[in-house]
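Observations on the three-dimensional arrangement
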Amino acid sequence: MAVKDRDRFSTSTRLKLLGEQTAARVYRSQTKRQARRSRLTGRAALLALVLCSLIVALAYPMRQYVSQRAEVADLERQREQARQRVEQLRDLKARWQDDAYAEQQIRQRLHYVMPGETGYVVIDPDAAKQARADKGTTDRPWYANVWDGVDKSDAADQ
């Protein structure tokens with residue numbers, strides 16, 4: 001033990017002991033920091049969990065809100081279109097109340113002429129060719145022609 005006591009007071013032993021003490025303090029401070037970090041990590045995890053829960057809880061109501069706002073905007077657009085259509089129909093009704101407009105439309109649409117006038121109807125040359133092509137339908141029964149007319153009008157709609 002005498003050798004150990006004598007070594008205790010030597011410079012190298014004191015430096016060695018001082019280094020070990022410093023290393024122990026550093027280790028203790030690091031473990032305290034690590035303990036704090038683990039506590040903060042738990043708090044951060046809890047905060048993240050709460051935020052995720054709020055996001056999930058609010059996602060559906062927000063989606064509903066957005067879709068309802070879009071629906072309201074669509075209905076307002078439809079209402080505006082309907083209002084414009086009503087205005088157009090009122091204008092048209094007012095025009096038809098005028099005898100001059102009614103007479104003009106009757107002449108144009110029904111090909112009426114006033115007494116003493118000669119009426120002419122100009123036929124589109126393409127329509128005349130089409131009519132000549134359809135003359136081959138006279139040798140078929142009438143109901144076949146009716147169904148062909150229905151098919152043609154259906155095809156024209158599409």
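Only a predicted model underlies this, so the values are computations on that prediction, with no experimental measurement involved.

**Section: the overall build of the protein**
- Scanning the protein from N- to C-terminus turns up five helices and zero strands.
- Secondary structure of the protein in N-to-C order comes out as α-α-α-α-α.
- Across the 158 residues that make up the protein, the buried fraction comes to 2%.
- When the accessible area of the protein is evaluated, it comes to approximately 14,800 Å², of which 59% is carbon and sulfur surface.

**Topic: the pattern of salt bridges**
- Counted according to the given criterion, the structure contains five salt bridges.
- Connected through salt bridges with shared partners, the residues Glu80, Arg83 and Glu87 form a single ionic network.

**Brief notes about the confidence of the model for the protein**
- Of the residues in the protein, 80% reach a pLDDT of 70 or more, and the chain-wide mean stands at 83.
- Helix α3 (residues 99-110) holds the highest mean pLDDT among the elements of the protein, 91, whereas helix α1 (residues 2-8) holds the lowest, 56.

**Remarks on the packing of aromatic side chains**
- Under the defined criterion, the tally for this structure stands at two aromatic pairs.
- Judged by centre distance (5.8 Å) and plane angle (80°), the rings of Trp142 and Tyr143 are edge-to-face.

**Details of α3**
- Taking 1.5 Å of rise per residue, 12 residues should cover 16 Å, and α3 covers 16 Å from first to last C-alpha, within 8% of that figure.
- Listing the buried residues of α3 in full gives Tyr101, Ala102 and Gln105. All buried residues of α3 fall inside an arc of 95° around its axis, so they share one side.
- Looking one or two residues past α3, His111 carries a phi angle of roughly 60°, positive in sign.

**Observations regarding a nonpolar patch on the surface**
- A contiguous nonpolar surface patch, about 1,000 Å² in accessible area, is contributed by Leu46, Leu47, Leu49, Val50, Leu51, Leu54, Leu58, Met62, Tyr65 and Val66.
- Relative to the elements of secondary structure, Met62 occurs in helix α2 (residues 11-97).

Basis of the calculations
Residues numbered from 1 in each chain as written. Predicted model: local features only at pLDDT ≥ 70, side-chain atom pairs only at ≥ 80, totals over all residues. Heavy atoms only, no water. Helix = DSSP H or I, 4+ residues; strand = E, 2+ residues; numbered from the N terminus. Buried < 20%, exposed > 50% of the residue type's maximum accessible area, 1.4 Å probe, protein only. Areas by Shrake-Rupley, 256 points an atom, 1.4 Å probe, with all protein chains shown as cover. Salt bridge = Lys/Arg side-chain N within 4 Å of Asp/Glu carboxyl O. pLDDT = per-residue confidence, 0-100. Phe/Tyr/Trp six-rings, centres within 6.5 Å; stacked < 30°, edge-to-face > 60°. Expected span 1.5 Å × (residues − 1). Arc of directions from axis to C-beta. Patch = residues over 30% accessible without salt bridge, like charges linked within 9 Å, V, L, I, M, F, W, Y side chains within 5 Å.

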